[in-house]
Amino acid sequence: MLTQAPVIETERLILRAHHVDDFEHIAAQWADPAVVKYIGGTPSGREASWSRLLRYPGHWQMLGFGYWIVFEKTEGAEGAFVGEIGLADYQRDITPSLNGMAEMGWVVSPAFHGKGYASEAAQVVIRWAETNLDRQLCCIIAPEHQASIRLAEKCGFVTKTDTTYHGSATRIFVRPS
């Protein structure tokens with residue numbers, strides 16, 4: 001079982017494990033109202049972002065999968081911060097249950113929207129999951145978040161059901177095995 005995110009490179013991106021030095025990127029990203037518009041709607045303060053950063057290695061250590069931080073690739077090295085993507089088990093109190101599945105999530109900083117980075121990163125994470133996980137993939141998306149729904153569908157996710165999570169309409173998608 002992996003205890004840390006492996007480095008994955010695509011033609012344009014580098015996906016790697018989170019480091020403490022990544023905190024300022026994460027804090028700025030999750031404080032941006034445009035980023036969280038469809039993810040709870042409330043920007044995160046530094047304390048919540050710090051907890052988020054600390055939870056990433058825990059997924060890898062305890063479950064053997066988790067999230068990657070994503071950077072543009074510049075001459076083979078890390079360039080600009082793009083966002084985060086990965087797989088999680090959040091033990092969500094949601095009906096129907098997601099227990100036993102790996103929940104995929106992604107967030108791309110607004111400066112990089114429309115470049116195909118989310119799709120490029122998602123495809124490589126799905127390939128990694130197909131090789132390394134024995135769990136069905138799912139994701140939850142706000143029904144009005146059309147860009148994320150398009151990405152999920154492009155990646156082979158299909159609607160399972162509409163439900164409510166934390167008082168908000170939520171659509172559950174699954175990726176058939």
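Residues numbered from 1 in each chain as written. Predicted model: local features only at pLDDT ≥ 70, side-chain atom pairs only at ≥ 80, totals over all residues. Heavy atoms only, no water.

For the protein, an unreviewed UniProt entry supplies the name GNAT family N-acetyltransferase and the organism Rahnella bonaserana.

**Quick look at the environment of Thr-10**
Tracing the sequence through the fold places Thr-10 in the loop between strand 1 (8-9) and strand 2 (13-16). Relative accessible area serves as the criterion here: at 11%, Thr-10 is assigned to the buried category. Here the alpha-carbon distance between Thr-10 and Glu-120, two residues 110 residues apart in the chain, equals 7.5 Å. The contact partners of Thr-10, leaving out residues within four places of it in the chain, are Lys-73, Glu-120 and Val-124. There is a polar contact of 2.4 Å between the side chain of Thr-10 and the side chain of Glu-120. (Helix = DSSP H or I, 4+ residues; strand = E, 2+ residues; numbered from the N terminus. Buried < 20%, exposed > 50% of the residue type's maximum accessible area, 1.4 Å probe, protein only. Contact = heavy atoms within 4.5 Å. Polar contact = N/O pair within 3.5 Å; in protein donor to acceptor, adjacent residues only side chain to side chain.)

**Notes on empty space enclosed by the protein**
Throughout the structure, instances matching the rule amount to two cavities of 30 Å³ or more. The space that makes up the largest cavity amounts to roughly 60 Å³. Lining the largest cavity are Ala-88, Asp-89, Tyr-90, Gln-91, Arg-92, Leu-98, Asn-99, Met-101, Ala-102, Glu-103 and Cys-138. Its residues assigned to classes, the lining of the largest cavity shows six nonpolar, two polar and three charged. Together, Val-70, Val-82, Gly-83, Glu-84, Ile-85, Trp-106, Val-107, Val-108, Tyr-117, Ala-118 and Ala-121 line the second largest cavity. Residue assignment for the lining of the second largest cavity shows that the elements contributing at least two residues are strand 4 (77-88), strand 5 (102-108) and helix 4 (117-132). (1 Å grid on protein atoms, 1.4 Å probe; cavity = no way out; pocket = protein on both sides within 12 Å on 5 of 7 lines; lining within 4 Å. Points joined across faces, edges and corners; volume = space filled by probe spheres on them. Nonpolar A, V, L, I, M, F, W, Y, C, P; charged D, E, K, R; others polar.)

**Comments concerning the layout of surface pockets**
Its volume calculated, the largest pocket comes out at about 1,400 Å³. Along the walls of the largest pocket sit 49 residues, with Tyr-38, Ile-39, Trp-106, Ile-140 and His-145 positioned nearest its centre. If you list the elements that add at least two residues to the lining of the largest pocket, you get helix 2 (33-36), helix 3 (46-63), strand 5, helix 4, strand 6 (137-141), helix 5 (146-154) and strand 8 (168-175). Among the elements that line the lining of the largest pocket, the one with the most residues is strand 5, at six residues. Residue composition of the lining of the largest pocket, by class: 24 nonpolar, 15 polar and ten charged.

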